[in-house]
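Descriptive structure summary
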Amino acid sequence: MRSIFLAGLLVVPCVVTAQETASDTLLTVNHYLDWEQVSDPQVSPNGLQIVYTRRWVNKIEDRWDSALWIMNADGSKNRFLVKGSNTRWSPDGTRIAYFADGEPKGTQIFVRWMDAEGATSQVTRVTETPSNLSWSPDGASLAFTMLMKSETPWKISMPAAPEGAKWTPAPRIVDRLHYRRDRIGYVEQGTTQLFLVPAEGGTPRQLTSGEYSTSELGSGPNYDWTPDGRTIVFDGLRDADADYRYRESYLYAVDVKGGAIRPLVTKKGGWSNPTVSPDGRTVAFTGHDYGTQSYRADEVWVVGIDGGGMRALTTYDRDPGGLRWSPDGNGVFFALAEQGTSNVYFAGLHGGNRRVTDGVQMLSLASVSRDFNAVGTRTDPGDPPDVVRFNLKRAQPIARLTNVNADVLEGIKLGTVEQIWYASTGGTRVEGWIVKPPGFDARKKYPLIMEIHGGPHGMYNVGFSYQLQNFAANGYVVLYTNPRGSTGYGSTFGNAIERAYPSVDYDDLMAGVDTVIGRGYVDTQRMYVGGCSGGGVLSSWVIGHTTRFAAAAVRCPVIDWMSMAGETDVPLFTYGFFDAPFWEKPEQWIKQSSLAYVGNVKTPTLLMTGELDLRTPMPQTEEYYSALKMLKVPVVMLRFNGEYHGTSSKPSNFLRTQLYMMSWYQKHRLGGETTTSTGGDAPRQP
């Protein structure tokens, strides 16, 4: 750990003003209101058309709205199709199924014919939210997942209420460890099950039942059909104590007609995302052997449909995603997250693994047609995500099919992004990136913002970042890095903070700051640190271990692991960071809590958390705020309305998050007030 050093800090009033003005040449928060997003492109079975989800800011309702757009495979005739999202083509390409608002309320399943008439039918009228939609191989039915409610009966001898009485409702009965979920709230008791519904509409039939836990918190099981339509393979944990075993997940097969369920992969581990081969004989999936580490990279595995012959196809020690079988059944294509990038790879059933695409990019694999044409999304430091097409068999350039933000970025000067590698403690090499302001001049001095990612097992990448480009547009040099604990660099690197979070990740962050300072263009009196979630953990840790930063924006943090375990919607995740519970080894929990070092903090701190946050709940922020107030450290707490975890899901709150942070940073510098001059070309100088 670096030693604490003291520096004079200016105490300023807590009332701050916004500092950004509109600009036609720099990326301001105003441009965000016209920003668009694309996702989930799906190519038709014959490879001729692509349907994708397009989202835009509803400026009146302060939300993101979505619609399905369709285009030819070469990107021509790109047009609006229908309101909705998450479409799936029928096997014969004559229809699409998708989600949209319907009757009686909320999300429902719709089917649209893709002929000239374009007839559309609402298929479900369910009261819970359906998800994870797919067609049966014969196109006759649709599978989906949905919560099936259950209740804990507890009868008490309450007297009958008098007629017209307005008694307080009965208490909510809670008897499970995980009983709330961020972005949902207190969840109805029950389990997420598989359902089938006729594609022409009708009553959904529940296919699975019983106690069930899914491999991904808050989602239904991942699943796939066998080509004959008789079986669905799915992941999860079908044990009564699943609530206590979030590290485990297995594969099962359910008979579509009779509902009988048999285990498919029983080896202890975390196995998920099954996808069945075109001949129905083999199931590919991702996962790893069981372990108590907080992080272990997945590999691509296969198993026979009878449960035999389980083996790994890859040894990359990186996390694969988006598994898609080759149309000829010879192997599996997938996207691999590696060192801040994502490219597509192939793993052959009988060897011949290879890298399919190459580039400094984040490329996803969403859908593959029979002729080996694939679609996904692609982004790099200068290009926001757009829909792309590429061939998995023939080497050819990736074709960009959309450019949904071209109008917003026309005439805008973006900051250049430089990749860096630097040495940290123990000789560890760490990757990071520097965003430089438009018009950057290395002879001048610039304020520095270090942003820290969450997780902690996450990965900054080379994708376009509106947040970081907006910082740069306001004259800041921005540093973001992947310290130890990050994914994309192997299991050993990711587990370097095992039972010690935070620890060496702090060393890596400080080494990154030193590296940028060594370039000679950073004003060391105007350095700032911020981050949300895991970034809130580390930013609060940073200011408890050094006073080199002039101000901090600690967002949705964990600062007290003991109280966090009882407040969060993921208690098992929290307990998993320690060798023993706090009642057995409290010293471990205290040692890793930022609150234990709050007495060292001299840095003016802006605290920002959503009022509805259940992941890193508001009491964490309140504890830290009260301690800083008692210490008379300059501190302001912002409680974001309408926000669960994070402070930016609503468009207006994204704007506020950016402006409050930059306004706070503008007001603070080590040793005195910030001057109004910088070397950057900015809407208003920080």
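Figured I'd write up the structure that's included with this text.

Describing the overall build of the protein
A count of helical and extended segments in the protein gives ten helices and 39 strands. Its C-alpha radius of gyration of 26 Å places the protein within 12% of the 26 Å reference for a compact globule of 686 residues. Projected onto its principal axes, the C-alpha positions of the protein cover 75 × 70 × 55 Å. Across the 686 residues in the protein, those meeting the buried criterion constitute 56%. The contacts in the protein between residues at least 6 apart in sequence include a share of 57% that link residues at least 24 apart. Just so you have it, the protein exposes about 28,500 Å², and 50% of that area is on carbon and sulfur atoms. Both charge centroids of the protein, one from 67 positive and one from 71 negative side chains, sit 2 Å from each other.

Description of a nonpolar patch on the surface
A contiguous nonpolar patch, built from Trp-154, Ile-156, Met-158, Trp-167 and Ile-173 and spanning about 610 Å² of accessible area, is present on the exposed surface. Tracing the backbone shows Trp-154 in the loop between strand E10 (141–149) and strand E11 (180–181). A relative accessible area of 64% means that Trp-154 is categorised as exposed.

Notes on the state of the cysteines
Each disulfide consists of a covalent bond between the sulfur atoms of two cysteine residues. Scanning the entire structure with this criterion turns up one disulfide. Note that Cys-532 is cross-linked by a disulfide to Cys-556, the S-S spacing being 1.8 Å. An S-S torsion of about -140 degrees defines the bridge between Cys-532 and Cys-556 as left-handed. Separated by 24 residues along the polypeptide, Cys-532 in strand E36 (residues 522–532) and Cys-556 in the loop between strand E37 (551–555) and helix H6 (561–567) bring together distant segments of the chain.

Quick look at the pairing of strand E4 (residues 79–83)
Pairing of strand E3 (residues 63–72) with E4, which is carried by four bridges, proceeds in the antiparallel orientation. Counted as the bridge partner of Trp-69 is Phe-80 from E4. Hairpin connection, E3 to E4: the antiparallel pair is bridged by six residues, and Gly-75 has positive phi, about 90 degrees.

Things to note about the layout of surface pockets
When its volume is computed, the second largest pocket comes out at roughly 1,000 Å³. Lining the second largest pocket are 30 residues, and of these Phe-464, Ser-465, Tyr-466, Gln-467 and Phe-654 lie nearest its centre. Every element with two or more residues in the lining of the second largest pocket is listed here: strand E1 (36–43), strand E30 (383–391), strand E34 (446–452), helix H2 (466–473) and helix H10 (651–666). Residue classes in the lining of the second largest pocket are distributed as 13 nonpolar, 14 polar and three charged.

Rules used throughout
- Counting from 1, residues in each chain are numbered in the order their sequence is written.
- pLDDT decides what is reported in this predicted model: residues at 70 or higher carry local features, side-chain atom pairs at 80 or more are listed and counted, and totals for whole chains, interfaces and linings draw on all residues regardless.
- In computing side-chain properties, one takes all heavy atoms of the structure into account and sets aside hydrogens as well as water.
- Helix and strand assignments come from DSSP, with helices taken as H or I runs of at least 4 residues and strands as E runs of at least 2, each series counted from the N terminus.
- Restricting the calculation to C-alpha atoms gives the radius of gyration, and the globule rule supplies 2.2 Å times the number of residues raised to the power 0.38.
- Note on classification: 1.4 Å probe, protein chains only; a residue is buried when its accessible area is under 20% of the maximum for its type, exposed when over 50%, partly exposed between these limits.
- In this analysis, two residues are considered to be in contact whenever any of their non-hydrogen atoms come within 4.5 Å of each other.
- Working definition of accessibility: Shrake-Rupley area with a 1.4 Å probe, residue cover restricted to the visible protein chains.
- This count recognises Lys and Arg as positive and Asp and Glu as negative, with His and chain-terminal groups excluded.
- Think of each charge as sitting on NZ of Lys, CZ of Arg, CG of Asp or CD of Glu.
- Patches here: salt-bridge-free residues with over 30% relative accessible area, like charges joined within 9 Å, nonpolar side chains (Val, Leu, Ile, Met, Phe, Trp, Tyr) joined within 5 Å.
- When a carboxyl oxygen of Asp or Glu lies within 4 Å of a side-chain nitrogen of Lys or Arg, that pair is called a salt bridge.
- Throughout, disulfides are identified as pairs of cysteine sulfur atoms within 2.5 Å of each other.
- Criterion used throughout: strands pair if DSSP finds at least two bridges between them.
- Buriedness for pockets is judged along seven lines, at least five of which must meet protein on both sides within 12 Å for an open set on the 1 Å grid over protein atoms alone, while cavities are sets there where a 1.4 Å probe fits but cannot get out, and lining residues have an atom within 4 Å of a point.
- Grid points are joined across faces, edges and corners, and a volume is the space filled by probe spheres set on the points.
- Classification convention: Asp, Glu, Lys, Arg as charged; Ala, Val, Leu, Ile, Met, Phe, Trp, Tyr, Cys, Pro as nonpolar; all other residues, Gly among them, as polar.

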